[in-house]
Amino acid sequence: MTDSSAPTPKNWRTPVVLLCVTALLLLPPVLFWYHSAQSALAHKSGSDWRGNHRTKQGLEHAALLIAGVPSLGALIGWVCGNAKGRPGVWTAGGALLGTVALWVVVFVAVCVSLSRTQFSV
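Residues numbered from 1 in each chain as written. Predicted model: local features only at pLDDT ≥ 70, side-chain atom pairs only at ≥ 80, totals over all residues. Heavy atoms only, no water.

A. Representation of the overall build of the chain within the structure. Across its full length, the chain carries three helices and zero strands. Taken from the N to the C terminus, the helices and strands of the chain come in the order α-α-α. Radius of gyration (C-alpha) of the chain: 20 Å, far over the 14 Å computed for a compact globule of 121 residues. Seen through its principal axes, the chain has C-alpha atoms that stretch 75 × 30 × 20 Å. When burial is assessed residue by residue, the chain has 20% of its 121 residues classed as buried. Contacts in the chain between residues at least 24 apart in sequence constitute 66% of all its contacts with a sequence separation of at least 6. A total accessible area of about 9300 Å² is found for the chain, and carbon and sulfur atoms account for 69% of it. (Helix = DSSP H or I, 4+ residues; strand = E, 2+ residues; numbered from the N terminus. Rg over C-alpha atoms; globule rule 2.2 N^0.38 Å. Buried < 20%, exposed > 50% of the residue type's maximum accessible area, 1.4 Å probe, protein only. Contact = heavy atoms within 4.5 Å. Areas by Shrake-Rupley, 256 points an atom, 1.4 Å probe, with all protein chains shown as cover.)

Everything listed is a geometric property; what it means functionally is a separate question.
Shown next, in the form of structure tokens:
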């Protein structure tokens, strides 16, 4: 009298753990973006509209990167998961891989930025 379609703990535990790890890895970039947006709002220039516009564009690009890369990973994981028959695990895994890719992009950007910095003595 058991229903074979009822979810077992093994079926939902893996995607939940993957999504929790994804959320933990996304928390620092989201908080950094929020702090940057609040700082830009508080220190807006009344005369430098070009600088304000560049700041807004940078915040928009960062938001697209933070939201877009994990979402793209989740979408690719969902498509592959539907083909394999396990869309939940693959979607959560794709989101996690997208988040790891976001961290790699951030690490490379910081390294490139530091390599171009010129220190004067």
